[in-house]
Amino acid sequence: MNPEDIEYEPVSVKAVLAEMKDTAELLIDLSYSAVLHANDDLAAEVLDLEERMDILQLQARMSLMMAARSPEDAEELAPVLGVVGAAEKISDAAGDIAKVVIEDIGLPDAIRAALPEAVETTIRCELTDESPYAGRDLGDINMETETGVRVVAIHRAGEWVTNPDHETTLRAGDVLLLRGRDDGLQTVHEAATGLRYDPPDVPEPTIEDLERAVDSIVLMKDMSELAVDLAYGAVLFDSEGVAEEVEELEAEVDALKSRFEAWTLRAASRVEDPVSLRGLVQLASATETISDAALEIAEGVLRGIDAHPVVAAAVKESDEVIIRLRVAPSSDLAEATLGDRRVKTETGMRVIAVRRAGGREWVVSPGSETRLHGGDLIIAKGTRAGAERLGELVGDEREFDE
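Residues numbered from 1 in each chain as written. Predicted model: local features only at pLDDT ≥ 70, side-chain atom pairs only at ≥ 80, totals over all residues. Heavy atoms only, no water.

S.K.: When you look at the overall build of the protein chain in this model, what are you seeing that I'm missing?
M.R.: Scanning the protein chain from N- to C-terminus turns up 12 helices and eight strands. Taken across its 402 residues, the protein chain has 51% of its residues classed as buried. For the protein chain, restricting intrachain contacts to residue pairs at least 6 apart in sequence, the fraction spanning at least 24 positions comes to 79%. By element, 45% of the accessible surface of the protein chain is carried by carbon and sulfur atoms, the whole surface being about 18,600 Å². (Helix = DSSP H or I, 4+ residues; strand = E, 2+ residues; numbered from the N terminus. Buried < 20%, exposed > 50% of the residue type's maximum accessible area, 1.4 Å probe, protein only. Contact = heavy atoms within 4.5 Å. Areas by Shrake-Rupley, 256 points an atom, 1.4 Å probe, with all protein chains shown as cover.)

Written out as structure tokens, the structure is:
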């Protein structure tokens, strides 16, 4: 469906905002994956998903305009319209990143060879009628536990499932976007399609210090994605504290972008064809746009503008929260790893970032081996009950942010 074909119909603003959030995060993830793995198929999915975001924006704008019946309504709705406008910037920036691959704007051929070992691969495959996955839900397949591969999205007959869960049923013809390590992807790809998956061959790096540039790209991706996640969380849960973290992330992404541009300019003097690095410049610019848009999303919260009642009602109904908690030096988590204390299992909360005490150092997407120290600030997502349990575990006696 094209955006030009959209007509007004009553939709839940809460549902649209939630889908816009999931879509924005997926757009960032897929666009960077397309660049890092030089994957034309993923880049094409980004452009299709960008069109879906255009439709969501129109639906949100029409619903919000219909909700405004007084100057007071307009004042309260203005920050929500800002959220919608910022989502358009994120979508366009992700499209610009994907076009680096589709239009062959210019990237080092060996960029995949320089990827950190911990970075997972994202691939696209179409589920066949004969696949043992067809007609089964993800909980029954237990794919992530058995193979380490997870389905990050499903493209189904022109529609998107951007946040599949254990109850999501896979159907023949589904286009699955899978993330994991190459050995697990080989297993899942063969089961889904009946065909062998062979990782692409990559040439040896010919640019000095390419690994440092790729590390910067991965970090910019993680930080911009986290900034968008937190920005939507700040709006949905009306949390000024979370909005302040978006400010910190935006400043950090700006600094990373400056350092990355400096590396690119120095590298241009050492390669035969400097134009071959033009895509890196576009990548840095698009990343800054994404982090700026995240700050725009959170701006209403930072200014202390109350959300419109329709958004406040959505927040009240939601069982998910984003929290910030400080690790007390005497707590059970101080000097322990997330795996040691089985944080996710024991509390149901997923720690999505850690900001180290006494500085601006971030650990984005921490894993089970991430060690926490007294004074660290952790940001986590999950249920309200889980937030209380996590608060007890870290020894933070303050009321958590909602």
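S.K.: Looking at this structure, I do not really get the pattern of salt bridges. What am I missing?
M.R.: For side chains of opposite charge, pairing can occur when their charged atoms come near one another. Tallying each qualifying case throughout the model produces 23 salt bridges. One salt bridge connects D140 with R136, and the closest N-O pair in it is separated by 2.8 Å. Assessed through its relative accessible area of 28%, R136 is described here as partly exposed. Between D376 and R356 there is a salt bridge; the shortest N-O distance is 2.6 Å. (Salt bridge = Lys/Arg side-chain N within 4 Å of Asp/Glu carboxyl O.)

S.K.: Hey, could you run me through helix 7 (residues 210-236) in this one?
M.R.: Given 3.6 residues to a turn, an α-helix orients residues that are three or four positions apart in the same direction. Spanning 27 residues, helix 7 covers 39 Å between terminal C-alpha atoms, matching the ideal 39 Å at 1.5 Å per step. Counting buried positions over the 27 residues of helix 7 gives 23, a clear majority of the element. D238 occupies a position one or two residues after helix 7 and carries a positive phi of about 50°. (Expected span 1.5 Å × (residues − 1).)

S.K.: Honestly, the sheet that holds strand 3 (residues 159-161) in this entry has me stumped. Any pointers?
M.R.: Taken in spatial order, the four strands make up an open sheet running 1-4-2-3, and their pairing is antiparallel. Strand pairing shows two members of the sheet lacking a second neighbour, strand 1 (121-126) and strand 3, which therefore form its edges. Taking the axes of each pair of neighbouring strands and ignoring which way they run, one obtains an average angle of 20° across the sheet. The pairing of strand 1 with strand 4 (residues 175-180) spans six bridges and is antiparallel. The partner of R124 across the bridge, within strand 4, is L177. Of the strands in this sheet, strand 1, strand 2 (150-156), strand 3 and strand 4 touch helix 2 (residues 40-67), which is tilted by about 80° from strand 1. (Pairing = 2+ DSSP bridges. Axes fitted to C-alpha atoms, helices over the stretch in contact; angles between N-to-C directions.)

S.K.: What should I look at first to understand the pairing of strand 2 in this one?
M.R.: On any regular strand, side chains alternate: one points to one face of the sheet, the next to the other face. Burial within strand 2 is extensive, with six of its seven residues counted as buried. Sheet analysis places strand 2 next to strand 4, joined by five bridges and oriented antiparallel. Along strand 4, the bridge assignment pairs I154 with L176. Counting the residues between successive antiparallel strands, the hairpin from strand 2 to strand 3 contains two residues, one of them, A157, with a positive phi of roughly 50°.

S.K.: I tried to follow the nonpolar core on my own but got confused; where do I start?
M.R.: It is characteristic of soluble globular proteins that their nonpolar side chains tend to be buried jointly. Counting 86 residues, the largest nonpolar core has M20 and L230 as its most contacted members. With 16 residues, helix 7 is the single largest residue contributor to this core. Those residues within four positions of L230 in sequence are excluded, and the remaining contacts are V242, E245, V246, L249, I322, I352 and I379. Within the second largest apolar cluster, 19 residues are counted, among which are I323, A334, L338 and I378. (Core = buried A, V, L, I, M, F, W, Y, C linked by side-chain atoms within 4.5 Å.)

S.K.: Can you walk me through the packing of helix 7 against helix 9 (residues 278-302) in this structure?
M.R.: The geometry of a pair of packed helices is captured by two quantities: the angle between their axes and the separation between those axes. The N-to-C vectors of helix 7 and helix 9 enclose an angle of 20°; their axes lie 8 Å apart at closest approach. Taken together, the axes of helix 7 and helix 9 lie roughly parallel to each other. Where helix 7 crosses over helix 9, the handedness of that crossing is left-handed. Contacts from I217, M220, S224, A227, V228, A231, Y232, A234 and V235 of helix 7 reach helix 9 at L280, L283, T287, I290, A294, I297, A298 and V301. The residue makeup of the contact of helix 7 with helix 9, split by class, is 15 nonpolar, two polar and no charged. (Parallel < 35°, antiparallel > 145°, perpendicular 65-115°, else oblique. Left-handed = near helix turned anticlockwise from the far one by under 90°. Nonpolar A, V, L, I, M, F, W, Y, C, P; charged D, E, K, R; others polar.)

S.K.: Help me understand the packing of helix 1 (residues 13-36) against helix 7 in this model?
M.R.: Interhelical geometry of helix 1 versus helix 7 gives an angle of 180° and a closest axis separation of 10 Å. By the angle class used here, helix 1 and helix 7 are roughly antiparallel. Here helix 1 contributes L17, M20, K21, A24, E25, I28, D29, Y32 and L36 to the contact with helix 7, which in turn contributes V214, I217, V218, M220, K221, S224, E225, V228, D229, Y232 and L236. Its residues assigned to classes, the contact of helix 1 with helix 7 shows 13 nonpolar, one polar and six charged.

S.K.: What should I look at first to understand the pairing of strand 6 (residues 350-355) in this one?
M.R.: Burial runs high along strand 6: five of the six residues are buried. Of the strand pairs in this sheet, strand 6 and strand 8 (residues 377-383) are connected by five bridges, and their pairing is antiparallel. Each bridged residue has a counterpart across the sheet, and for V351 the counterpart in strand 8 is A380. Bridging between strand 6 and strand 7 (residues 362-364) involves three bridges; their strand directions are antiparallel. Looking at strand 7, one finds that A353 is bridged to V364.

S.K.: For this particular structure, what's the right way to read the side chain of S291?
M.R.: Relative to the helices and strands, S291 is located in helix 9. With residues up to four places along the chain from it excluded, the contact list for S291 reads E250, V253 and D254.

S.K.: Where do I start with a negative patch on the surface in this structure?
M.R.: A cluster of acidic residues, D40, D41, D104 and D109, forms a negative patch on the protein surface. With respect to the helices and strands, the residue D41 is situated in helix 2. According to the relative accessible area criterion, D41 is partly exposed, its value standing at 44%. (Patch = residues over 30% accessible without salt bridge, like charges linked within 9 Å, V, L, I, M, F, W, Y side chains within 5 Å. Lys, Arg positive; Asp, Glu negative; His and termini not counted. Charge placed at Lys NZ, Arg CZ, Asp CG, Glu CD.)

S.K.: I keep staring at the environment of S365 and nothing clicks. Help me out?
M.R.: Residue placement: S365 occurs in the loop between strand 7 and strand 8. Take S365: its relative accessible area is 54%, and that puts it in the exposed class. Distance in space between the C-alpha atoms of S365 and V354 is 8.3 Å, their sequence separation being 11 residues.

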